Amino acid sequence: PSVLRGYTGQFEEYLFSLRDNRLHSENRSRNGKVDKLKPITRFLFQIDRESQVEFVGDPSGIITSVRIHWNDGWVDTIKKTK
């Protein structure tokens, strides 16, 4: 849970939060759809059937952006909202 807390925050339309020690994604562009993230690696999680999220940190390890990997091969990079 302490590592996952570093992944929480707003990234444009995505809000990542911790609930019951699990990471969740809420997507405002999909009417607030909430998904329980499934870990693949330390930084990569399955959101749903269509996408995965990769948390990207700066040299000190603070998460500064995410990469959304879509099944069609498209990758969106989104900076963390201040």
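This structure is a prediction, so every number in the text was calculated from the model and none was measured.

Undergrad: Summarise the sheet that holds strand β2 (residues 14-19); cite the residues concerned and give the values.
TA: Read across the open sheet, the 4 strands follow the order β1-β2-β3-β4; overall the sheet is antiparallel. A strand with exactly one partner marks an edge of an open sheet, and here the two such strands are β1 (9-11) and β4 (33-36). With strand direction ignored, the average angle separating the axes of adjacent strands in the sheet is 25°. Relative to β4, strand β3 (residues 22-27) runs antiparallel, the two being bridged by 4 bridges. Along β4, the bridge assignment pairs His 24 with Lys 36.

Undergrad: Give me empty space enclosed by the protein: which residues, what numbers.
TA: One pass over the structure, following the stated rule, counts 1 cavity of 30 Å³ or more. Taken as a whole, the largest cavity encloses approximately 60 Å³ of empty space. What lines the largest cavity is Tyr 14, Ser 25, Asn 27, Arg 30, Lys 33, Asp 35, Ile 47, Asp 48, Ser 51 and Trp 70. Residue assignment for the lining of the largest cavity shows that the elements contributing at least two residues are β3 and β4. Looking at the lining of the largest cavity residue by residue, the classes come out as 3 nonpolar, 3 polar and 4 charged.

Calculation notes
Residues numbered from 1 in each chain as written. Predicted model: local features only at pLDDT ≥ 70, side-chain atom pairs only at ≥ 80, totals over all residues. Heavy atoms only, no water. Pairing = 2+ DSSP bridges. Helix = DSSP H or I, 4+ residues; strand = E, 2+ residues; numbered from the N terminus. Axes fitted to C-alpha atoms, helices over the stretch in contact; angles between N-to-C directions. 1 Å grid on protein atoms, 1.4 Å probe; cavity = no way out; pocket = protein on both sides within 12 Å on 5 of 7 lines; lining within 4 Å. Points joined across faces, edges and corners; volume = space filled by probe spheres on them. Nonpolar A, V, L, I, M, F, W, Y, C, P; charged D, E, K, R; others polar.

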